[in-house]
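These are the residues of each chain, in order.
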Amino acid sequence: MSNAKQQLAQWIDAHFDEEVGVLQQLLRVPTDTPPGNNAPHAEMVAQLVSAYGWNAEQHAVPAQQVQDYGMQSITNLIVRRPYSEEGPTLALNAHGDVVPPGDNWTYPPYGGVVENGYIYGRAAAVSKCDFATYIFATRALEALGLPLKGKLELHFTYDEEFGGLLGPGWLLEQKLTKPDYVIAAGFSYNIVTAHNACLQLEITVHGKSGHGAMPETGHDALQAATRILNAIYDELPELKKIKSKVPGIDSPTMLVGRIDGGTNTNVVPGKVVLKMDRRMIPEEDPVQVEAQVRALIEQAVQGLPGIHIEIKRLLLSHALRELPGTATLVHSLQQNALAVMGEQIPAQGTPLYADARLYGEHGIPAVLYGAGPRTVPESNAKKADERLLLEDLRKATKVVAFTLLDMLAPSL
């Protein structure tokens, strides 16, 4: 390990209690999405980093656009750290919006409680932890006082749970940023270089209500919806036969995650709404898949009297794929993880999807790496008692700081 990296590690160790305190502050401001009132958290983060002499640009997405999207407020942040005109621009991206806590917590979901080496709270592992990772990796780098080449940007965005279009997607569409490389929030023991695409559809089945004692007077929307359900689930064995060549990714999946309908127990259901999720492996064509799924649904109810359907796309998230330049990030992260953790961490795909794909869609190499355990279940992410092992936060901060040094001071 070089002398500069040893100094980075020492700085992070010396300031680690402060880093944990910052993460506690980040966890204590709720950002439940829905309802998605996330501007207050962004304002808090902007004030927090101002204490380091940094200016956080606050880019508020227009209110009507946010409301039409189904959220209440979004303010995305860019902290620009320009070092020289020569060299690459590297962005670090983490999202502050989170799913609501839900029930069965034994720790307060917005308490930031530290116990037995873990910190507990909604977004402790996904992904407010990486606000802290990236802030303190950057502070450590700048504390060295070494000459750096290029620019560093911190992107703190607030639309990942809804798909990212008003988070990184909005910053990119508004041409507010165009980095050369991106590291986005992830877990310490794995570098994600690719992820699945996701199609979500809302299927509204219209029939006609009728008295339960005279069902023949109505057209049963639930009976029709059952045909759609059977068609969807009958397709699963065929999807299992499709295999991805990307390590860490297996086959496409499809499920119906929500069903709403009917008016009362003794009434023929006149309307039923299904919400479905179709995950696509990187090799699949999203346009072709959507056409196939729509055809499958339409054929399931074809010819049923008094029944018609509406299909609305809720989300089309494209896959993250490796791009030229991805290998540069992977090599540096792997070498630095080996130095910090003493093990070779894999670079592979994941069946999940994230807003890092939006950078990839703009031709920007992006990987996911940050603070967290080896697997999502270990972190209780999106469940009760979400948690992060603090030593994983320390390790990830060092790995990211070392990688920043590699990218922005390659001669050291």
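Residue positions within a chain follow its written sequence, with the count starting from 1. With pLDDT at 70 or above as the cut-off, local features in this predicted model cover only qualifying residues; side-chain atom pairs require 80 or more to be listed or tallied, and sums for whole chains, interfaces and linings still use all residues. Values reported for side chains reflect all heavy atoms of the structure, with hydrogen atoms and water molecules removed beforehand.

### Section: the packing of aromatic side chains
The geometry of an aromatic ring pair is captured by two quantities: the separation of the ring centres and the angle between the planes. Applicable threshold: Pairing of aromatic rings covers Phe, Tyr and Trp, the last counted by its six-membered ring, and requires centre-to-centre distances within 6.5 Å; plane angles under 30 degrees mean stacked, over 60 mean edge-to-face, and any other angle means tilted. Only DSSP runs of H or I reaching four residues or more are called helices, and only runs of E reaching two or more are called strands; each is numbered from the N terminus. Between buried and exposed lies partly exposed: a residue is buried under 20% and exposed over 50% of the maximum accessible area for its type, with that area taken using a 1.4 Å probe on protein chains only. Working rule: Lys NZ or Arg CZ, within 6 Å of ring centre, within 35 degrees of ring normal, means a charge sits over the ring.
Tallied over the full model, the rule gives eight aromatic pairs. Both rings, one in Tyr69 and one in Phe162, keep their centres 5.8 Å apart while their planes meet at 55 degrees; by these two values the pair is tilted. Residue Tyr69 is located in helix H4 (residues 63-69), and its partner Phe162 is located in the loop between strand S6 (151-157) and helix H6 (168-173); the two are separated by 93 residues in the primary sequence. By relative accessible area, Phe162 is classed as partly exposed at 26%. Summarising the aromatic geometry, the rings of Tyr118 and Tyr120 are spaced 6.3 Å apart at their centres and angled 45 degrees between planes, so their arrangement reads as tilted. Of the residues examined, Tyr118 reaches a relative accessible area of 23% and is grouped as partly exposed. Taken together, the aromatic side chains of Trp11, Tyr52, Trp54 and Phe136 make up a single cluster linked through ring pairs. One residue, Arg387, lies across the ring of Tyr118, its end atom 4.0 Å from the ring centre. Here the basic side chain of Arg394 rests over the ring of Phe16, its NZ or CZ set 4.1 Å away from the ring centre.

### Re the environment of His211
Stated formally: In this analysis, two residues are considered to be in contact whenever any of their non-hydrogen atoms come within 4.5 Å of each other. A 3.5 Å cut-off defines polar contacts: any pair of N or O atoms within that distance qualifies, except that in protein one atom must be a possible hydrogen donor and the other a possible acceptor, and neighbouring residues in sequence count only when both atoms are side-chain atoms.
Counting through the fold element by element, His211 comes out in strand S10 (residues 210-211). Each C-alpha atom, one on His211 and one on Arg374, is 55 Å from the other, the two residues being 163 residues apart in sequence. Beyond its immediate stretch of four places on either side in the chain, His211 contacts Thr217, Asn266 and Val268. One polar contact links the side chain of His211 to the main-chain amide nitrogen of Ala213, over a distance of 2.9 Å.

### Details of the nonpolar core
Selection criterion: Put simply, a nonpolar core is a bunch of buried Ala, Val, Leu, Ile, Met, Phe, Trp, Tyr and Cys residues held in one set by side-chain atoms that sit within 4.5 Å of each other.
Counting residues in hydrophobic clusters, the biggest one holds 79 residues, and the most contacted among them are Leu23, Val45, Ile183 and Tyr369. Per element, the largest residue contribution to this core is 11 residues, and it comes from helix H13 (residues 390-408). Residues Met254, Val256, Ile297 and Ala319 belong to the second largest nonpolar core, which totals 30 residues.

Functional significance is not addressed by these values, which are geometric in nature.
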